Amino acid sequence: MSGLSLIGLKKVFEKGTPNAKLALDQVNLEVASGDFITVLGSNGAGKSTLFNAILGKFRLDRGKIILDGEDITRLKDYKRAYNIGCLYQNPLRGTAPNMTIEENLALAYTRKARKSFFAVNKKDSEYFRSLLRELDLGLEDRMKTQMGLLSGGQRQAASLLMATIAEPKLLLLDEHTAALDPATAEKVLDLTKKIIAKRQLTCLMITHNMQSALALGNRTIVMDSGRIVLDVSGAEREQLTVPQLLQRFRENAGKELSADRMLLG
Amino acid sequence: MNILSLLISALSQGMIYAPMALGVYIAFRILNTPDLTIDGSFVAGMCVCAVVTIAGHPYLALLCGMAVGALAGLLTGLMQTQLRINPILSGILTMTGLYTINFMVLGGQSNLYLQRTAVNSAGAETQVASDTLYKTFRAFLVELTGNKRLDNNLSVLIITAVIVAVVAAVLAVFFHTRTGMAIRATGDNEEMVRSSSINADRSRIFGIMLSNALVAFSGALLCEQQRYADLNFGNGMLVVGLASVIIGQVFFGKRSVTLGIISAVVGSLIYRIILQAAYKIDMPSYAVKLLSAVIVVIALTLPLLKRLVTERRANREEETEA
């Protein structure tokens, strides 16, 4: 079997203190290979915590994570990264500013590249150039430019390339277009769709835009208080409208989906 | 002394301290982490080198000095990454602990001269200077040129320059290999390194080891050149290294790692020339530390001053437009 299985994930932060917070509460999720799942939920619902659990940024209290048949629950974060790509909201997080575009890509590619003495070499560079050309941002002619000189959108596009360059089994996108201006955000989202389709990636994407959550991918889950309260896919999802989604959430979670940062349209 | 021999003396000192400046460059600029182990590992390199040189192995002594520096770096690196102790404190802890170790290496005294006791033909005990890299090389040069009055500093300068050139070249190549690039990236964005499935802790530890090995190597070279080791020689060494790195940056900027390596070496040379000039105008030798600290403070303040000036100019232009 391939894909991702989350079995009974549980995490309490600051356990045993008055600040104890139940961040993940019995999260079960079966992700099939090739699934593109959008993740919705208000602030503090546990979306990013779920991603961090998958990435191994902390130890779970209980539960198991199985990626492509391999139990990775106890694997260190950098070892999991061999098969998991991740992109965050902040474009600065995914790239090294004082290194060139080429060096950044070479570093990200290291895990799957053939052995070579120099990190930047001709053969890999040709490959990087072809990947950059597909972004259509003119970066293929600026491979010796320092990453820090690029705009936020360009850096996020480069980060997207870096997260997917080693053909991960799973791609996690944590509101990766939220910090960009609308036009750039749309461009980066288009690139994301293109790369996911081309590489047939299994993907989880956190978004706060309900409309695009329903439009993108093949499945949508909604989280609340560390639980998955709604999980729709297939024909049911195709017919689902945003008001219906809100209605379903109210029934399942027993409260309104707080719309402080949510975009309805 | 004429100007030329003063210059040669300054350059020879600059070359001896150049590996130290490279070590500081790796810690502060590449790994982006202040490391105070440096004060201790410099002396550790000196002490170990002294003991092994006196035992009759001047070349092995340099390598041993380097190795003990790497070991000190390993301890600091483990404290930083595995015990999660603050980087500055980790360095201070290693440095403090090293003082005891260094004292023990010197056999419970605060300094040690590179000489051993021998019995001369008359049956009396005399002190014989140990063979060192510099002594051997000078003898070689004297034989080669037939000039018995050869400037000692010149021979020091030549052999040290060769060594430093090799070290710098190896470093420049190393930082373009996969391992070297991972160290650079760890200093630039550690999270990105982890996301690329590279063990950032290992990169960091390796970088700190490399840095301190270079610093200790500098200490070992100095020990063989001045023919003694001194327990208190490392105080403020970090500031000297930082001053060299910053001076170098004024000339070469911060563009690439290769330029950074060259600039650290050149910075070390210029720093010694500045010191030599200061001695020439009768600055007492104890003023060195203050001078170094002032150079570092001024150099670190420059970017702020630059910004203030441009801001003020912009404001003034706005006012005149209004």
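Residues numbered from 1 in each chain as written. Chains lettered and ligands numbered in written order. Predicted model: local features only at pLDDT ≥ 70, side-chain atom pairs only at ≥ 80, totals over all residues. Heavy atoms only, no water.

A short note on the interface of chain A and chain B
- Contacts between chain A and chain B engage 31 residues on the former and 20 residues on the latter.
- In total, chain A and chain B occlude about 2200 Å² of area from one another, counting both sides; carbon and sulfur atoms represent 53% of this.
- Summed over the three residues of chain A that lose the most area to chain B, namely Y78, L107 and A119 of chain A, the buried surface amounts to 30% of that side.
- For the pair chain A and chain B, the number of links is four salt bridges.
- Across the pair R178 of chain B and D124 of chain A runs a salt bridge, and its minimum N-O distance is 3.3 Å.
- At the boundary of chain A with chain B, the tally comes to 16 residue pairs in polar contact (both at pLDDT 80 or more).
- Looking at the side of chain A that touches chain B, the elements with two or more residues in it are α2 (77-80) and α3 (101-109) of chain A.
- Broken down by element, the side of chain A that touches chain B gets its largest block of residues, five residues, from α3 of chain A. (Contact = heavy atoms within 4.5 Å. Buried area = accessible area lost by both parts, 1.4 Å probe. Salt bridge = Lys/Arg side-chain N within 4 Å of Asp/Glu carboxyl O. Polar contact = N/O pair within 3.5 Å; in protein donor to acceptor, adjacent residues only side chain to side chain. Helix = DSSP H or I, 4+ residues; strand = E, 2+ residues; numbered from the N terminus.)

Points about the pairing of strand β6 (residues 84-87) of chain A
Residues and elements named next belong to chain A.
- Where burial is concerned, the two faces of β6 agree: the one with I84 and C86 and the one with G85 and L87 are both buried.
- As defined by bridge partners, β6 adjoins strand β7 (residues 170-174) across four bridges and the pair is classed as parallel. Within β7, the residue paired with L87 across the bridge is L173. (Buried < 20%, exposed > 50% of the residue type's maximum accessible area, 1.4 Å probe, protein only. Pairing = 2+ DSSP bridges.)

A closer look at the side chain of S159 of chain A
Residues and elements named next belong to chain A.
- Within the secondary structure layout, S159 lies in helix α5 (residues 152-164).
- Exposure remark for S159: the relative accessible area of 3% places this residue in the buried category.
- Not counting residues within four places of it along the chain, the set of residues in contact with S159 comprises L87, P91, G94 and T95.

A word on the layout of surface pockets
- Computed from the structure, the largest pocket encloses a volume of approximately 600 Å³.
- Looking at the largest pocket, it is lined by 25 residues, and the ones nearest its centre are N98 of chain A together with K254, R255, S256 and V257 of chain B.
- Contributions of two or more residues to the lining of the largest pocket are made by α3 of chain A together with α1 (3-30), α7 (178-188) and α11 (257-280) of chain B.
- The residue makeup of the lining of the largest pocket, split by class, is six nonpolar, 11 polar and eight charged. (1 Å grid on protein atoms, 1.4 Å probe; cavity = no way out; pocket = protein on both sides within 12 Å on 5 of 7 lines; lining within 4 Å. Points joined across faces, edges and corners; volume = space filled by probe spheres on them. Nonpolar A, V, L, I, M, F, W, Y, C, P; charged D, E, K, R; others polar.)

A closer look at unusual backbone geometry
- The phi dihedral of D68 of chain A falls on the positive side, at around 55 degrees, and the residue is not glycine.
- Within the fold, D68 of chain A resides in the loop between β4 (62-67) and β5 (70-71).
- Here D68 of chain A falls in the partly exposed class, since its relative accessible area comes to 29%.
- A positive phi angle, close to 65 degrees, is found at R227 of chain B, a residue other than glycine.
- The residue R227 of chain B is located in the loop between α9 (200-226) and β4 (228-230) in this model.
- Residue class for R227 of chain B comes out partly exposed when judged on its relative accessible area of 24%.

So, the confidence of the model for chain A
- Predicted confidence across chain A gives a mean pLDDT of 90, with 97% of residues reaching 70 or more.
- Ranking the elements of chain A by mean pLDDT puts helix α9 (residues 242-253) of chain A last with 87 and strand β8 (residues 203-206) of chain A first with 96. (pLDDT = per-residue confidence, 0-100.)

A word on the packing of aromatic side chains
- Counted by the stated rule, this structure contains 10 aromatic pairs over all chains.
- With centroids separated by 6.0 Å and ring planes inclined at 35 degrees, the aromatic side chains of F137 of chain B and F140 of chain B adopt a geometry described as tilted. One end of the pair, F137 of chain B, and the other, F140 of chain B, are both in helix α5 (residues 133-145), three residues apart, so they sit about a helical turn from each other.
- Taking the relative accessible area as the measure of exposure, F137 of chain B reaches 14% and is therefore buried.
- The interplanar angle of 65 degrees and the centroid separation of 5.2 Å between the aromatic rings of F174 of chain B and F175 of chain B together place this pair among those described as edge-to-face.
- F174 of chain B gets classed as buried once you look at its relative accessible area, which sits at 19%.
- One aromatic cluster is present, formed by Y109, Y127 and F128 of chain A through successive ring pairs.
- Above the plane of the ring of Y17 of chain B lies R272 of chain B, whose end atom (NZ or CZ) is 3.7 Å from the centre. (Phe/Tyr/Trp six-rings, centres within 6.5 Å; stacked < 30°, edge-to-face > 60°. Lys NZ or Arg CZ within 6 Å of the ring centre and 35° of its normal.)

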